[in-house]
Amino acid sequence: MKQKQLCRTLTAAAVLTAAMAIPAFASGWEQTADGTWVYTDSSGSYVTDSWKKSGDYYFYLGDDGTLVTDSLIEDDGYYYYVDENGAMVTNRWVKLESTDDDDTDADYRWYYFGANGRAYQDTSSPKEINGKKYMFDEEGRMLYGFVDEEGEMLTDDDAALDATYYFGTADDGTMYTGWLQVTEDLTDESYDDYDEIWMYFGSNGEKYADSTKTINGSKYSFDENGIMNYGWTDASSTASSSNVSSTKYYSTAADGHLQKNTWIYAIPSEDVNEDDYEDGTYRWFYANSSGYIVSNQAKKINSRWYVFDEDGIMQYGLVVMNDDSISSSSNQYIVSTLDEDEVTAEDIYEMGDAAGGDLNLFYFSSGESDGAMKKGTTVSIELADDTYTFGFASNGKAYNGIESKKYYKYGILQKADSDDKYALVEATEGKYVLVNTAGTVVTSGTVKDGDGNYYAFHNGTIGYFAENDLASKAATAYKNGSSTFTYDGDTYMVSDYLTAEYTEYTE
């Protein structure tokens, strides 16, 4: 077959050349006036469509007799590549622009040229190169993605189902072994309910299909298309505790064998939570040492506390418990969870008052990706009406009272607006605290708020003096326990300037 110059590389720099400079040619080589190299035979005619050697390298003369450079050459059914100097490339990879007959979406394809300069072509089985295995089509192009047993690349939506091998991306092409997650959307309705789809390729590169295999000591089941079977398994007849769900998680898309002592992120089964199942909503679960899903309790996992509802779904955010501390007690359960997008601070105050002033409020992080209980710390939480600072004790329960000289009401730090400077807060019925903009409780002296009003402390009471030219004098006298004060030689009664008086809250 006569040669054809098929395509050129993306850039000369993308390919390592076989020779950095063209060596001095032997007899027969000539350089034309325009600098082009040719090879003449004994009759003086240009040699065409032929290879000629000079030094250690072979060079190709095209159909016009000139030296071909930087091109893919087809010669007698084989493919070769000559670099920018025209030297045949051997034992190396070359990246070339895709040709018109390439039905893939790739802008370029990789070729490998062996010791004899020929591209590896139409390999019936994976070919080892530098310790890794690859396959190539009849034109020498490296295969990638899903490939069937005939060595044909598959590019349709269900390529994973019909494939025998997987050879990575267009930039890699290495034969894949081990677990592979299928990320393409399959058209086969059999997998509509699968949250994730996994396959396994053995040491020979072929996927496991229609069989049960032991992998790293655990058994997995694969259907006729090589898709790992997984799902929820009914365990109601064997569950031995009221604190496990009526189902156990047999296998996940990430790990197809029975899960134990591990977190599971999955769509609940229909009998666990029908709404989540129909909506395709993922939730976090935890499987105990027997493989059962922990439910309706708090559980300590890796030194951190988590809480699970009756369906085994991990809860996060603000949660009200029936107890004032978190433990694995079988009698402990969730009273309610608070939707931070709907609940307001006033709602929480009302809940606390309805609970007799003792609200067992806890916080299990801010999102479904965590869920660990916060303790001995403060957290900024955005509610429906505003963003608030919440404080939680070392046992996780929300502060309710004075903590580190700051006042919290059912977990919410009470503080004055920056313009007001100070705010009077009713702590319990008829008893008050005065807080500044940082939430710190004021307990003595006199202070002036942003509107010019004064607060003064004396023997467990807080005197409030509305803005007035003599408010400061009256507040000072009140603090000192005096009923009168003198100004400019005149005597005034403190009670005439005392706007209101409050009982101070103390602990």
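Residues numbered from 1 in each chain as written. Predicted model: local features only at pLDDT ≥ 70, side-chain atom pairs only at ≥ 80, totals over all residues. Heavy atoms only, no water.

### Points about the overall build of the protein
Secondary structure summary: the protein contains four helices and 41 strands in total. Counting every position in the protein, which comprises 507 residues, the buried fraction comes to 47%. For the protein, long-range pairs separated by at least 24 residues make up 47% of all intrachain contacts whose partners lie at least 6 apart in sequence. When the accessible surface of the protein is totalled, it reaches about 25400 Å², and 38% of it is carbon and sulfur. (Helix = DSSP H or I, 4+ residues; strand = E, 2+ residues; numbered from the N terminus. Buried < 20%, exposed > 50% of the residue type's maximum accessible area, 1.4 Å probe, protein only. Contact = heavy atoms within 4.5 Å. Areas by Shrake-Rupley, 256 points an atom, 1.4 Å probe, with all protein chains shown as cover.)

### As for the pattern of salt bridges
Tallied over the entire structure, the rule returns five salt bridges. For Asp-137, the salt bridge goes to Arg-141, with nearest N and O atoms at 2.8 Å. Arg-141 matches Asp-137 in its accessibility class, with the two residues each being buried. Among the ionic contacts, a cluster of salt bridges with common partners joins Asp-137, Glu-139 and Arg-141. (Salt bridge = Lys/Arg side-chain N within 4 Å of Asp/Glu carboxyl O.)

### Let's talk about the sheet that holds strand 26 (residues 334-338)
Working definition: the strands of a sheet are paired by backbone hydrogen bonds and lie parallel or antiparallel to each other. Strands sit in the order 26-25-27 across an open sheet of three strands; the sheet is antiparallel. The open sheet has two edge strands, strand 26 and strand 27 (361-364), and neither has a second partner. Strand-to-strand, the axes of this sheet are offset by a mean angle of 30°, without reference to chain direction. Pairing of strand 25 (residues 317-321) with strand 27, which is carried by four bridges, proceeds in the antiparallel orientation. Counterpart to Val-320 in the pairing with strand 27 is Leu-361. (Pairing = 2+ DSSP bridges. Axes fitted to C-alpha atoms, helices over the stretch in contact; angles between N-to-C directions.)

### Quick notes on the nonpolar core
One finds Leu-318, Ile-348, Leu-361, Leu-383 and Phe-390 to be the most contacted residues of the largest nonpolar core, which totals 19 residues. Beyond its immediate sequence surroundings of up to four residues, Phe-390 is in contact with Leu-318, Ile-348, Leu-361, Thr-377, Thr-378, Val-379, Ile-381, Leu-383, Tyr-408, Tyr-410, Gly-411 and Ile-412. Counting residues in hydrophobic clusters, the runner-up holds 14 residues, among them Ala-159, Leu-161, Tyr-191 and Met-199. (Core = buried A, V, L, I, M, F, W, Y, C linked by side-chain atoms within 4.5 Å.)

### Thoughts on the side chain of Asn-273
You can see Asn-273 is positioned in the loop between strand 20 (262-266) and helix 2 (274-279). Separated by 3.3 Å, the side chain of Asn-273 and the backbone nitrogen of Asp-275 make a polar contact. When near neighbours in sequence (up to four residues on either side) are disregarded, Asn-273 contacts Pro-268, Asp-311 and Ile-313. (Polar contact = N/O pair within 3.5 Å; in protein donor to acceptor, adjacent residues only side chain to side chain.)

### So, the pairing of strand 23 (residues 297-301)
Taken together, the five bridges between strand 23 and strand 24 (residues 304-308) define a ladder with antiparallel strand orientation. The partner of Lys-300 across the bridge, within strand 24, is Trp-305. The antiparallel hairpin formed by strand 23 and strand 24 contains two residues in its connecting segment, where Asn-302 sits at a positive phi of about 50°.

### A short note on helix 4 (residues 471-479)
An α-helical segment advances 3.6 residues per turn. Residues three or four places apart therefore align on the same side. For helix 4, the complete set of buried residues consists of Ala-471, Ala-474, Ala-475, Ala-477 and Tyr-478. Taken end-on, helix 4 shows its buried residues confined to a sector of 160°, consistent with a single buried face. Where helix 4 is buried, its residues touch strand 36 (446-448), strand 37 (454-458), strand 38 (461-465), strand 39 (484-487) and strand 41 (500-504). Positive phi shows up at Gly-481, right after helix 4, with a value of about 85°. (Arc of directions from axis to C-beta.)

### Some remarks on the confidence of the model for the protein
The predicted model of the protein has a mean per-residue pLDDT of 88, with 89% of residues at 70 or higher. Note that pLDDT drops below 50 for residues 1-21; the model gives that stretch 64 contacts with residues more than four away or on any other chain. Low pLDDT, under 50, characterises residues 234-242; the stretch is placed with eleven contacts to residues that sit more than four places away or in other chains. (pLDDT = per-residue confidence, 0-100.)

### With respect to the environment of Ala-298
Tracing the backbone through its elements, the reader meets Ala-298 in strand 23. Each C-alpha atom, one on Ala-298 and one on Gln-332, is 7.5 Å from the other, the two residues being 34 residues apart in sequence. For Ala-298, the residues in contact, after removing those within four places along its chain, are Trp-305, Tyr-306, Val-307, Ile-326, Ser-327, Ser-328 and Gln-332.

### What to know about unusual backbone geometry
At Asn-296, a residue that is not glycine, the phi angle is positive and equals roughly 55°. Structurally, Asn-296 can be placed in the loop between strand 22 (292-294) and strand 23. The phi angle at Tyr-410 is positive, at roughly 50°, despite the residue not being glycine. Among the secondary structure elements, Tyr-410 is positioned in the loop between strand 31 (406-409) and strand 32 (412-413).

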